[in-house]
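So you can see what is in the structure, the chains are spelled out below.
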Amino acid sequence: MRKPIIAGNWKMNKTASEAVSLINELKPLVADADADVVVCPPAADLAAAAQALKGSNIGLGAQNLDYHDSGAFTGEVSADMLLDLGVQYVIIGHSERREYYAETDETVNLKVKKALEKGLIPIVCVGEKLEERESGVTAEVVRKQTKLALLGLAESEVAKVVIAYEPIWAIGTGKTATADDANDTIKEIRAAIREVFGGAADEVRIQYGGSMNPKNASELMAMSDIDGGLIGGASLKAEDFSKVVNY
Ligand code: PEP
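Residues numbered from 1 in each chain as written. Predicted model: local features only at pLDDT ≥ 70, side-chain atom pairs only at ≥ 80, totals over all residues. Heavy atoms only, no water.

- The protein chain is annotated in an unreviewed UniProt entry as Triosephosphate isomerase from Christensenella massiliensis.
- Recorded in UniProt under Subunit (unreviewed entry), the annotation for the protein chain is "Homodimer." (UniProt positions renumbered as here; feature names shortened; annotations may be inferred.)

**Some words on the site of the ligand**
Turning to step 1, where the next piece is worked out: Taken together, 14 residues sit near the ligand, with K11, H94, E166, G172 and S211 positioned nearest.
Turning to step 2, where the next piece is worked out: In this structure, S211 approaches the ligand through a main-chain N or O atom, which is 2.7 Å from an oxygen atom.
Turning to step 3, where the next piece is worked out: Contact distances for the ligand include 2.8 Å between an oxygen atom and a backbone N or O atom of G233.
Turning to step 4, where the next piece is worked out: Contact with the protein chains removes 96% of the 300 Å² of surface that the ligand exposes when unbound.
Turning to step 5, where the next piece is worked out: The residue makeup of the shell around the ligand, split by class, is four nonpolar, eight polar and two charged. (Near = heavy atom within 4 Å. Polar contact = N/O pair within 3.5 Å; in protein donor to acceptor, adjacent residues only side chain to side chain. Areas by Shrake-Rupley, 256 points an atom, 1.4 Å probe, with all protein chains shown as cover. Nonpolar A, V, L, I, M, F, W, Y, C, P; charged D, E, K, R; others polar.)

**Some details on the environment of A48**
Turning to step 1, where the next piece is worked out: You can see A48 is positioned in helix α2 (residues 46-53).
Turning to step 2, where the next piece is worked out: When neighbours within four sequence positions are excluded, A48 is seen to be in contact with A16 and V20. (Helix = DSSP H or I, 4+ residues; strand = E, 2+ residues; numbered from the N terminus. Contact = heavy atoms within 4.5 Å.)

**Topic: the sheet that holds strand β2 (residues 36-40)**
Turning to step 1, where the next piece is worked out: Reading around the circumference, β1-β2-β3-β4-β5-β6-β7-β8 is the order of the eight strands in this closed barrel, with parallel pairing throughout. Within the sheet, the average angular offset between the axes of one strand and its neighbour, ignoring direction, is 25°.
Turning to step 2, where the next piece is worked out: Here helix α7 (residues 138-149) sits on the sheet and contacts β5 (121-126) and β6 (162-165); the angle it forms with β5, its principal contact strand, is near 150°. (Pairing = 2+ DSSP bridges. Axes fitted to C-alpha atoms, helices over the stretch in contact; angles between N-to-C directions.)

**Let's talk about helix α9 (residues 179-197)**
Turning to step 1, where the next piece is worked out: The terminal C-alpha atoms of α9 lie 26 Å apart, and with 19 residues this matches the ideal 27 Å at 1.5 Å per residue to within 8%.
Turning to step 2, where the next piece is worked out: Of the residues making up α9, those classed as buried are A179, A182, N183, T185, I186, I189, R190, A192, I193 and F197.
Turning to step 3, where the next piece is worked out: Phi turns positive one or two residues past the end of α9, at G198, with a value near 55°. (Expected span 1.5 Å × (residues − 1). Buried < 20%, exposed > 50% of the residue type's maximum accessible area, 1.4 Å probe, protein only.)

**So, the pairing of strand β1 (residues 5-9)**
Turning to step 1, where the next piece is worked out: With five of its five residues buried, β1 lies for the most part within the structure.
Turning to step 2, where the next piece is worked out: Where burial is concerned, the two faces of β1 agree: the one with I5, A7 and N9 and the one with I6 and G8 are both buried.
Turning to step 3, where the next piece is worked out: The pairing of β1 with β2 spans five bridges and is classified as parallel. Within β2, the residue paired with I6 across the bridge is V37.
Turning to step 4, where the next piece is worked out: In this view, the connection linking β1 to its parallel neighbour β2 by way of helix α1 (residues 16-30) has right-handed handedness.
Turning to step 5, where the next piece is worked out: In this sheet, strand β8 (residues 228-231) lies alongside β1 in parallel orientation, the contact comprising four bridges. Across the sheet, I6 pairs through a bridge with G229, a residue of β8. (Right-handed = clockwise from strand over helix to strand, strands pointing away.)

Structure, rendered in structure tokens:
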């Protein structure tokens, strides 16, 4: 009922010409994918990436946006700028941005609202730190992050959002949540959405992210509530990413 969505978060990797090469390698490998496939190159690569992706089944995502429309916000990128380049998705509230660039639940919410208002699909990241998992508050943490990220949205808007559940301790570490743990936490996220937005919870696609790779993708994707993956490291090689896409 929910179409799987596999997105690659390239983070601050690949120049524009390297992005084009990676996309050209990837295109034939994922051409028959059953899932929605998205790549999220760095902002500086988006124009070249959009060109390279033309005519393919791969969507284009950015890794961030500003919540203002325009103005004196040095270094930032607006929703209109992304749309003008052909961007369709935008990652919001990645744990690296929360940790290194002072993103808060409040700015995440403003960005989600701006993305939806402009017609971009937000991929909203939530996830617990290691100490939160160890002290047994994972469900509370992700429920709160999710509700704050979606605060003030209409049910019809929420249905369009993609959530990425990314346990912070699993990102880039080679450690993966077990498929059961990931599924249980994703069920908590869906339940939190249902409490506020009712039936939209059944439409929201919720990805798992955190060292997802060709070896663990099929087990994770077989779970009832996991609707896709947000892939970091393994999205930087066409072969690895295509194996995740074709899990
Ligand atoms: C990420 O940064 O979103 C991510 C999931 O990274 P990795 O796959 O490398 O753990």
